[in-house]
Amino acid sequence: MSTDEQRAREGRLTREVVDSFADAPSERYREVMQSLVRHAHAFVREVRLTEAEWEQAVSFLTRCGQLTDERRQEVILLSDVLGLSMLTIAVNQPPDPGATEATVLGPFFVDGAPRIEYGGDVARGAPGEPCWVEGTVRGQDGTPVPNARLDVWEADDEGLYDVQHADEGTAGRAHLHTDDEGRYGFWGVTPTPYPIPHDGPVGDLLAAAGRGPMRPAHPHVMVTAPGYHRLVTHAFVAGDAYLHDDAVFGVKDSLVVDVERHQAATPNPTGRTIDGTWARLRFDVVLSPLTTS
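Below: a short report on this structure.

Analysis parameters
- Residues numbered from 1 in each chain as written.
- Predicted model: local features only at pLDDT ≥ 70, side-chain atom pairs only at ≥ 80, totals over all residues.
- Heavy atoms only, no water.
- Pairing = 2+ DSSP bridges.
- Helix = DSSP H or I, 4+ residues; strand = E, 2+ residues; numbered from the N terminus.
- Axes fitted to C-alpha atoms, helices over the stretch in contact; angles between N-to-C directions.
- Parallel < 35°, antiparallel > 145°, perpendicular 65-115°, else oblique.
- Contact = heavy atoms within 4.5 Å.
- Nonpolar A, V, L, I, M, F, W, Y, C, P; charged D, E, K, R; others polar.
- Buried < 20%, exposed > 50% of the residue type's maximum accessible area, 1.4 Å probe, protein only.
- Polar contact = N/O pair within 3.5 Å; in protein donor to acceptor, adjacent residues only side chain to side chain.
- Left-handed = near helix turned anticlockwise from the far one by under 90°.

A few points about the sheet that holds strand E8 (residues 220-224)
Next up, step 1: Spatial strand order, E4-E3-E8-E9: four strands in an open sheet with antiparallel pairing. Both outer strands of the open sheet, strand E4 (173-177) and strand E9 (231-234), are each paired with one neighbouring strand and no more. Each neighbouring strand pair of the sheet contributes to a mean axis angle of 20°, computed without reference to strand direction.
Next up, step 2: Sheet topology places strand E3 (residues 149-153) next to E8; five bridges connect them, and they run antiparallel. If you follow Val 152 over to E8, its bridge partner there is Val 221.

Given below as structure tokens:
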């Protein structure tokens, strides 16, 4: 068979599959699936994918699904390390230059985190140096956003989230609300860099690429408030060695903040008695209004 005949045969198959979605009742479903087919088929043709490679890919995706449960999300992790998560965020983030930038949700968010009040303890027994985190939530015009909900979660000083530990206790995660002036403040632990889970198929992918699994130090923050776009973001620690080598491409320069360290004798914001050093981190948030086109 000539090259032209081979291309024609491949093209007929692609058109046949694309046309099979033509009668889908949902216009958006039809648009997405037809585009997906065209791009996926183009990829197979471009790299001349072998049957053995396709079988390997199916096995890889099967392993990702088998490893995923209520405590670990390997499929999200795969999306993260391929940059698909950050690209989707970039496509969907409102075009408001003054708003706080978004970044990845990550695989360790859990619904139903306990509520704390201003000055409460997010750590809840997670090991690490105490860290006071404070800031404000405002609209783009500088107006404070009262009663905005902040969901916060972070790894401990061993680089692990609570769901990665054998016990089922909740630690390093909570939610709280801003006061009438848009202020929030809580105790957590000083963020440290950590590796994403790399003992599964995603780890194999990174190893094959010669890439590392590390993420720079950060707490996760998700902010929701009526009339504003939901914001999922991080506060990255300035000076971290992995700021420019993040395994999931989540770092934005605007999200890098300083962490101040204080001695035990230094008065802290809530009068908490602390043995040893403690840290302080300020992270102000600006939300984008839903009216933005």
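With respect to the packing of helix H3 (residues 51-67) against helix H6 (residues 201-209)
Next up, step 1: It is at 9 Å that the axes of H3 and H6 come closest, and there the two elements cross at 135°. In terms of axis orientation, H3 runs oblique to H6. Of the residues in H6, those in contact with Phe 60, Arg 63, Cys 64 and Leu 67 of H3 are Pro 201, Val 202, Asp 204 and Leu 205.
Next up, step 2: Looking at the contact of H3 with H6, its residues break down into six nonpolar, no polar and two charged.

Quick look at the pairing of E4
Next up, step 1: With four of its five residues buried, E4 lies for the most part within the structure.
Next up, step 2: In this sheet, E4 lies alongside E3 in antiparallel orientation, the contact comprising five bridges. Opposite Arg 149, over in E4, you have His 177 as the bridge partner.

Quick look at the side chain of Thr 103
Next up, step 1: Counting through the fold element by element, Thr 103 comes out in the loop between helix H5 (84-92) and strand E1 (120-121).
Next up, step 2: There is a polar contact of 2.7 Å between the side chain of Thr 103 and the backbone oxygen of Gly 250.
Next up, step 3: The residues contacting Thr 103, other than those within four sequence positions of it, are Met 86, Ile 89, Val 232, Thr 233, His 234, Gly 250 and Leu 255.

With respect to the packing of helix H1 (residues 3-19) against helix H2 (residues 27-47)
Next up, step 1: Running from N to C, H1 and H2 cross one another at 160°; their axes reach a closest spacing of 9 Å. By the criterion of interaxial angle, the relationship of H1 to H2 is roughly antiparallel. Pair H1 / H2 crosses with right-handed handedness. Residues Glu 10, Leu 13, Thr 14, Val 17 and Val 18 of H1 lie in contact with H2, whose contacting residues are Gln 34, Val 37, Arg 38, His 41 and Arg 45.

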